[in-house]
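Observations on chain architecture
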Amino acid sequence: MKITFYGHASLGIKVNDVHILVDPFITGNENASSIDIDALKADYILVTHAHQDHILDVEAIAKRTNAVIVSNYEIANHFESKGFETHPMNHGGSWDFEFGNVKYVNAIHTSSFPDGSYGGQPGGFVIEGEHKNIYIAGDTALTMDMKLIPLQIKLDLAILPIGDNFTMGIDDAILASDFVECDKVLGYHYDTFGYIEIDHEEAKRKFFDKDKDLMLLEIGESIEL
Ligand code: NI
Ligand code: MN
């Protein structure tokens, strides 16, 4: 499994030959100007919630690639009504896709579309593929529901928001890493706006002091699991 960071909460995940994009918000992120959305491959686009900083580039990419948009029922309906192919899910549900299993899990956040319309309840994804298991938390507070995940699955990587203000910050993300029983963390949802700028070295040191590994990737950088 290959994971690429496209800035903010945008990720590319390659499982075998299947390309998955998560929460594409690239053209609106000046830090991500090196990424050309017309060059991104996508068979599936996973959307955690309806906020603009998670859906901005969904339509442009799905129109070009015919990717299937996977999200909660309300967000799937929204894109379905615009003619896109979708797969609706809801909390606690999982589905075997061609690349592996995806479960839509709880997040504590909000989920309105940019025009204020209802975007369902926000979530995260647990993905099993190529014998690797990852948790993409989405925008969320620290929540006891995270403790449910390791009851059923051994995670290889937890992707957690760390920017604070709109989501968990560093200290809560360290607790989240305990809750999901995964010491290997990829941080996201930081530095994009003034509200969520963080001190990278301090963040890494705080994880290191708890015997945990916080990875912060450059935009466009990838890791292999
Ligand atoms: Ni949000
Ligand atoms: Mn967000």
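Above: the structure in question.
Position numbers for residues start from 1 in each chain and track the written sequence from start to end. Working convention: letters from A go to chains and numbers from 1 go to ligands, in the order in which they are written. With the structure being a predicted model, the display of local features is reserved for residues of pLDDT at least 70 and the display and counting of side-chain atom pairs for 80 or more, all residues being used for whole-chain, interface and lining totals. Hydrogen atoms and water are omitted, and side-chain values are computed over all heavy atoms in the structure.

Attention now moves to the coordination of the nickel ion (ligand 1). Here the term donor refers to an N, O or S atom within 2.8 Å of the metal (or 3.2 Å for Na, K and Ca), and because water is left out of the atoms, sites may appear incomplete. Within the protein, His49 (NE2), His51 (ND1), His109 (NE2) and Asp139 (OD) serve as the donor atoms for the nickel ion (ligand 1), at 2.2 to 2.3 Å. With four donor atoms in place around the nickel ion (ligand 1) and angles of 88 to 176° between them, the coordination shape is irregular. Here the donor residues of the nickel ion (ligand 1) share one chain and are spaced in sequence as H-x1-H-x57-H-x29-D. Metal-to-metal, the separation of the nickel ion (ligand 1) and the manganese ion (ligand 2) is 3.1 Å; Asp139 coordinates the two. One end of the pair, His51, is in the loop between strand E4 (44–46) and helix H1 (52–55); the other, Asp139, is in the loop between strand E10 (132–136) and helix H4 (149–152), with 88 residues separating them in the sequence. Here the two residues His51 and Asp139 agree in accessibility, since each one is buried. When four donors show all angles between 85 and 135 degrees the site is tetrahedral, when four or six donors have opposite pairs over 155 degrees and all other angles between 65 and 115 it is square planar or octahedral respectively, and in every other case it is irregular. Where helices and strands are cited, they refer to DSSP runs of H or I of at least four residues and of E of at least two residues respectively, numbered from the N terminus. The rule is simple: take the accessible area with a 1.4 Å probe, protein chains only, and divide by the maximum for that residue type; under 20% is buried, over 50% is exposed, in between is partly exposed.

Before going further, it helps to spend a moment on the nonpolar core. The term nonpolar core refers to a set of buried residues drawn from Ala, Val, Leu, Ile, Met, Phe, Trp, Tyr and Cys, joined through side-chain atoms within 4.5 Å. Membership of the largest hydrophobic core comes to 57 residues, with the highest contact counts inside it found for Ile3, Ile13, Ile134 and Tyr135. When sequence neighbours within four positions are dropped, the list of residues in contact with Ile13 reads Met1, Lys2, Ile3, Val18, His19, Ile20, Val22, Ile127, Ile134 and Ile136. Note on definitions: a residue-residue contact is assigned when non-hydrogen atoms from the two residues lie within 4.5 Å.

Buriedness for pockets is judged along seven lines, at least five of which must meet protein on both sides within 12 Å for an open set on the 1 Å grid over protein atoms alone, while cavities are sets there where a 1.4 Å probe fits but cannot get out, and lining residues have an atom within 4 Å of a point. Grid points are joined across faces, edges and corners, and a volume is the space filled by probe spheres set on the points. Computed from the structure, the largest pocket encloses a volume of approximately 300 Å³. Lining the largest pocket are 17 residues, with Lys103, Val105, Val126, Ile149 and Gln152 positioned closest to its centre. Of all the secondary-structure elements, those providing two or more residues to the lining of the largest pocket are strand E8 (100–106), strand E9 (123–129) and H4. Counting residues per element, the lining of the largest pocket draws most heavily on E8, at five residues. Looking at the lining of the largest pocket residue by residue, the class counts come to eight nonpolar, six polar and three charged. Here the second largest pocket is characterised by a volume of approximately 220 Å³. Throughout, the ten residues Ala, Val, Leu, Ile, Met, Phe, Trp, Tyr, Cys and Pro are labelled nonpolar, Asp, Glu, Lys and Arg are labelled charged, and all others, Gly among them, are labelled polar.

With that settled, the discussion passes to the coordination of the manganese ion (ligand 2). Protein-derived coordination of the manganese ion (ligand 2) comes from Asp53 (OD), His54 (NE2), Asp139 (OD) and His189 (NE2), at a distance range of 2.1 to 2.2 Å. The sequence pattern describing where the donors of the manganese ion (ligand 2) fall on their chain is D-H-x84-D-x49-H.

A separate point is helix H2 (residues 58–65). For an α-helix the count is 3.6 residues per turn, leaving residues at separations of three or four pointing the same way. Turning to H2, its buried residues number three or more, namely Val58, Ile61, Ala62 and Thr65. Take H2 and look down its axis: the buried residues cluster within an arc of 95°, on one side only. Of the surrounding elements, those touching the buried residues of H2 are strand E3 (18–22), E4, H1, strand E5 (68–72) and helix H3 (73–80). The positive-phi residue at the C-terminal boundary of H2 is Asn66, with phi of around 60°. An arc is given here, and it is the one of the directions from the helix axis to the C-beta atoms.

Here the focus is the sheet that holds strand E7 (residues 94–97). Whether two strands pair depends on DSSP finding at least two bridges between them. Spatially, seven strands are ordered E7-E8-E9-E10-E11-E12-E13 in an open sheet, and the strand pairing comes out mixed. Looking along the sheet, the strands with just one partner apiece sit at the ends: E7 and strand E13 (213–215). Strand-to-strand twist in this sheet, taken as the mean axis angle between neighbours without regard to direction, amounts to 20°. Where strand E11 (residues 157–161) meets strand E12 (residues 184–188), four bridges bridge the pair, whose relative direction is parallel. For Ala158, the partnering residue across the bridge sits in E12 and is Val185. Axis definition: a line fitted to C-alpha atoms, over the contacting stretch in the case of helices. Angles run 0 to 180 degrees between N-to-C directions.

Attention shifts here to the pairing of E7. As defined by bridge partners, E7 adjoins E8 across four bridges and the pair is classed as antiparallel. Residue pairing in the sheet places Asp96 in a bridge with Asn101 of E8. Taken together, E7 and the strand that follows it, E8, pair antiparallel across an intervening segment of two residues.

Pairing of aromatic rings covers Phe, Tyr and the six-membered ring of Trp, with a centre-to-centre limit of 6.5 Å; geometry is then stacked below 30 degrees between planes, edge-to-face above 60, and tilted otherwise. Per the counting criterion, the structure on display carries eight aromatic pairs. With a centroid separation of 5.3 Å and 55° between ring planes, the pair formed by Tyr104 and Phe125 is classed as tilted. On the criterion of sequence distance, the pair formed by Tyr104 in strand E8 and Phe125 in strand E9 is long-range, its members being 21 residues apart. Both residues of the pair, Tyr104 and Phe125, belong to the buried class. Aromatic pair Phe166 and Tyr195: ring centres 5.6 Å apart, planes at 85°, arrangement edge-to-face.

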